[in-house]
Amino acid sequence: MAPIARIVAALLLAVSPAAAFSPDTCTDMFATMKKLGGPVPPSEGVMGCTEVCAKVHELKEYWGSGEMATFACAQGQKYGCVWPGTPPTTTKDIGC
């Protein structure tokens with residue numbers, strides 16, 4: 001019964017309005033990360049944002065410049081990407 005309860009809890013979190021994945025919610029989450037200088041409180045985390053920005057960073061790093069790098073930068077800016085570090089890294093810091 002415990003595994004079912006965990007699945008139900010995960011589904012409830014996934015459909016929670018506060019945790020809805022969108023460029024705006026990701027931008028808000030990453031603004032908090034940048035302001036705090038580290039991880040966001042669990043209540044302000046948005047599933048999927050970190051993964052999108054990991055791909056953005058990966059694409060930019062791989063392509064460096066050109067059409068795909070430009071696309072990666074546009075997506076990173078759309079989602080307000082910030083990566084952990086001291087201080088946190090922004091799209092500007094990776095050459096966007």
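Residues numbered from 1 in each chain as written. Predicted model: local features only at pLDDT ≥ 70, side-chain atom pairs only at ≥ 80, totals over all residues. Heavy atoms only, no water.

Novice: Looking at this structure, how should I read the side chain of Thr90?
Specialist: By secondary structure assignment, the location of Thr90 is in strand β2 (residues 89–90). Exposure remark for Thr90: the relative accessible area of 13% places this residue in the buried category. Discounting residues that sit within four places of it in the chain, Thr90 has contacts with Lys34, Cys81, Val82 and Trp83. (Helix = DSSP H or I, 4+ residues; strand = E, 2+ residues; numbered from the N terminus. Buried < 20%, exposed > 50% of the residue type's maximum accessible area, 1.4 Å probe, protein only. Contact = heavy atoms within 4.5 Å.)

Novice: Can you walk me through helix α4 (residues 67–78) in this structure?
Specialist: Three- or four-residue spacings in an α-helix give side chains the same orientation, since the helix completes a turn every 3.6 residues. Its twelve residues place the ends of α4 16 Å apart at the C-alpha level, agreeing with the 16 Å of an ideal helix rising 1.5 Å per residue. Restricting attention to buried positions, one finds in α4 the residues Ala69, Ala72, Cys73 and Gly76. Projected onto a plane normal to the axis of α4, the buried residues spread over an arc of 100° and lie on a single side. With respect to the buried face of α4, the exposed residues turned more than 90 degrees away are Glu67 and Thr70. Of the surrounding elements, those touching the buried residues of α4 are α3 (49–63). Gly80, located one to two residues past α4, shows a positive phi value of around 65°. (Expected span 1.5 Å × (residues − 1). Arc of directions from axis to C-beta.)

Novice: Sorry, what's going on with the state of the cysteines here?
Specialist: Following the criterion strictly, the structure yields three disulfides and no others. Disulfide partner of Cys53: Cys81, at an S-S distance of 1.9 Å. Around the S-S axis, the bridge from Cys53 to Cys81 shows a dihedral of about -80° and counts as left-handed. Placement of the pair is Cys53 in helix α3 and Cys81 in the loop between α4 and β1 (82–83), with a sequence separation of 28 residues. Neither Cys53 nor Cys81 differs from the other in exposure class; each is buried. Each bonded cysteine in the protein gets a number by its place in the sequence, and the pairs come out as 1-2, 3-5, 4-6. (Disulfide = S-S within 2.5 Å.)

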